[in-house]
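Observations on the model geometry
Residue strings, one per chain:
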Amino acid sequence: MCLVIEVEFKYKLGWRFGEGAGCTQSLIGNYVNKKTFPWICTSGCGSSTVTLSSKGYVCTAASRLQDWEQGEYSFRHTFTSDGRFTVSFESCCWIALHYGKGDGNWSLPTTVDLRTRSDLHVPNSSPLAAGKPIYTIKLGCTQKITIPVLDQDGDNVKCRWASGDECKSACNRIPNTVLDESKCTLTISAKGTANDMYAVAIMVEDRPTSSITLNGQVFTPQDVLSSIPVQFLVNTPEIPSRSCSDRPVFVSPTPAESDVIVVFPGRSVFVSFYASSRGTSITAFLVIGPPGVQQSTIRQLSLRRGVYSTDIAWTPSAADRGPQSLCAEATDAYLISSDMRCLTIAAWDINPCNSKPCQNNGTCSRVGYTKDFVCTCLPGYTGLQCQIDINECASNPCLHGATCFDLINEYFCGCVSGYTNVNCQTDINECELQTCENGGTCQDHVNAAVCDCAPGFTGEICQTGNYVKII
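The paragraphs below set out a description of the structure included in this document.

What counts as what
Residues numbered from 1 in each chain as written. Predicted model: local features only at pLDDT ≥ 70, side-chain atom pairs only at ≥ 80, totals over all residues. Heavy atoms only, no water. Helix = DSSP H or I, 4+ residues; strand = E, 2+ residues; numbered from the N terminus. Rg over C-alpha atoms; globule rule 2.2 N^0.38 Å. Buried < 20%, exposed > 50% of the residue type's maximum accessible area, 1.4 Å probe, protein only. Areas by Shrake-Rupley, 256 points an atom, 1.4 Å probe, with all protein chains shown as cover. Lys, Arg positive; Asp, Glu negative; His and termini not counted. Charge placed at Lys NZ, Arg CZ, Asp CG, Glu CD. Pairing = 2+ DSSP bridges. Axes fitted to C-alpha atoms, helices over the stretch in contact; angles between N-to-C directions. Phe/Tyr/Trp six-rings, centres within 6.5 Å; stacked < 30°, edge-to-face > 60°. Lys NZ or Arg CZ within 6 Å of the ring centre and 35° of its normal. Salt bridge = Lys/Arg side-chain N within 4 Å of Asp/Glu carboxyl O.

1. Focus: the overall build of the protein
Along the backbone of the protein there are zero helices and 38 strands. For 471 residues, the compact-globule formula gives about 23 Å, and the C-alpha radius of gyration of the protein, at 36 Å, lies well above that figure. Each principal axis of the C-alpha distribution contributes one length, and for the protein these read about 145 × 60 × 45 Å. With 471 residues in all, the protein has 43% of them scored as buried. Carbon and sulfur atoms make up 50% of the accessible area of the protein, which amounts to about 23600 Å² in all. Across the protein, 35 positive and 44 negative side-chain charges occur, with their mean positions spaced 17 Å apart.

Below is the structure:
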C-alpha cells in the first residue's frame, strides 16, 4: 500500500515596499499576487527539483515609512513517502549590505520528516516563528531582538546561525552580536557606521524533551527533529537627538508576554496594545499575526498623556486551529521600535480530552493547545486510548503444566497437584506433611511421599513390625 501524507506549509515573506506581492496598509488582510513565489523540493523528491507551489500571499503588515511589506500564505502538498525532504524558496537578490556579500542570492530551506513519533503517534510538526523584515537600532546602542517561536508538539526550540546553503550570501554573522540559542534572542551592538545594513540568517530547530523514536530511529534531546529559517535586516541610523534608552515601551493594560488567550470555535479575539515613547509620538504599531487579523487606526488616549493604542480583532476558522502567535511592536517618530510583545492564541480551541477518549480509567493529557492528546494508562492496559487489556499470560509464566488465568495487571496460575507458588515453580515437599515411623526415611516425589522402612518394618508409614516368635 502506498504511503500518502498531506503536509501544510506556512510561510512569511518580507520585501522592500513595492517589491513584493503588492502589500499596502490598505490591503492588509487581502490576498495579493503582483509577484508569486516558487517553493521547490530540492532534496528527497527525486533526481530533479519539483515545484510544489507558486503563490503570492495575504498581506499582514506594511510600512511605507520603514520601506517594507510583509505577507503570509500556506499551501499543501501530498508526499508518497515519509522523507526526509528539503523544501525551499531560493532566488536573488538581497539589497546592498554593509557586511558580507551584498546583492547576493538567498535560500529559505525547511526540512520535512514524516516518520511517526513514538510519543505522539503522528509525524513531527516543525516550530513556528514570527518577526519583521527590518529592525532599526540607533548607532552606538545595544538592543535585544527576540525571535518569537512556538512548537505545537511541546518540543524544546533553539536557534542557531544558518550556514552554507541555508543562507547563501547572508551567511556572514552580523558583527558585535551574541545569539542566545535557548531563548532565540540576539543582543546586537551597533558599532559600525551610520545607516549600515546587515542581514541576519537564523535556523530555528526543535528537539524532543526526552528520547523518542521516529519509525525506530532514536532521537535524544540533543537531536534535531526539523528546522525552519528566519532571515531579516538590521539598520543602524544615527539619531543625535535620542539616547539609547529612548525607545517605545508597552504600558498597562497591554497583555503580558506570557499570556495565552483561548478562543473557542466561532468566537473572536480582541486585544489592545498600549505604548509610549519619551518626548515623541507613537507613529505605528506593527502587528504580526495570522491571516485575517484586523487592526484599528492609532489613537492617542485623552486621559493619559503620551500613551497611544491600537485594537486588534481576529476570528479564527477551523483551519487556524492550534497555537498562533500575535505580536505587536510600537515605532516612534524617529523610527525606533520597542521590543516585540507576543501573545499566544489557542485558536478554535477544542480540548480533545473533553470527549474522554482514554478508556479503562486512563488519564488524558493534552499536547499543548492542539488536537493531540496522550493517554496515561492504569497498570494492565495499553494502546493509544488504553483500550487493550495486557495479556499477562502471553509470556507463559506458569510452569509444570499449570493453567494461566489472565487478570487485570496480574495473572493466576492454577497448579497441577504437587506444585505450588506464584508460577507453580515449587515442588511441594510432601515429607513435611508425613512422618515415617520406626526409623523410616521419607522420600519426596511429585504429589506423593514414600517411606523407606528400616529392616523389620513395613506399611505405608513403616507402622507394622515384622518379627519371629521364639518357642
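2. Overview of the sheet that holds strand β13 (residues 185–189)
Spatially, the three strands line up as an open sheet ordered β9-β13-β12, and their pairing is antiparallel. The open sheet is flanked by β9 (142–146) and β12 (177–180), the only strands paired with a single partner. Within the sheet, the average angular offset between the axes of one strand and its neighbour, ignoring direction, is 15°. Bridging between β9 and β13 involves five bridges; their strand directions are antiparallel. Residue pairing across strands places Q143 opposite I188, the latter belonging to β13.

3. Re the packing of aromatic side chains
In this structure the tally under the stated criterion is 16 aromatic pairs. On the numbers, 6.4 Å between centres and 50° between planes, the contact of Y11 with F75 is tilted. Of this pair, Y11 sits in strand β1 (residues 5–16) while F75 sits in strand β4 (residues 68–79), placing them 64 residues apart in sequence. Exposure class is identical for Y11 and F75. Each is buried. Judged by centre distance (5.4 Å) and plane angle (15°), the rings of F37 and Y57 are stacked. Residue F37 is found in strand β2 (residues 31–43), and its partner Y57 is found in strand β3 (residues 50–63); the two are separated by 20 residues along the sequence. Assigned by exposure class, F37 and Y57 land together as buried. Grouped by ring-pair contacts, the aromatic residues F9, Y11, W15, F37, W39, Y57, F75, F79, F85, F89 and W106 constitute a single cluster. The ring of W15 has K35 lying over it, and the distance from NZ or CZ to the ring centre is 5.5 Å.

4. So, the sheet that holds strand β8 (residues 134–136)
On the basis of which strands lie adjacent, the open sheet formed by four strands has the order β8-β17-β14-β11 and mixed pairing. A single partner strand is all that each edge strand has here, and the edge strands are β8 and β11 (156–161). Looking at each pair of strands side by side, their axes are set apart by 35° on average, direction ignored.

5. Notes on the pattern of salt bridges
A full pass over the atoms with the stated rule returns 19 salt bridges. Across the salt bridge formed by R117 and D153, the nearest N and O atoms sit 3.5 Å from each other. Of this pair, R117 sits in the loop between β6 (105–112) and β7 (128–129) while D153 sits in the loop between β10 (149–150) and β11; the two residues are 36 residues apart in sequence, bridging distant segments of the chain. Residue R117 is classed as buried on the basis of its relative accessible area, which comes to 1%. We classify D153 as buried; its relative accessible area is 8%. When salt bridges with common partners are traced through the structure, they connect R117, D119, D153 and D155 into a single cluster.

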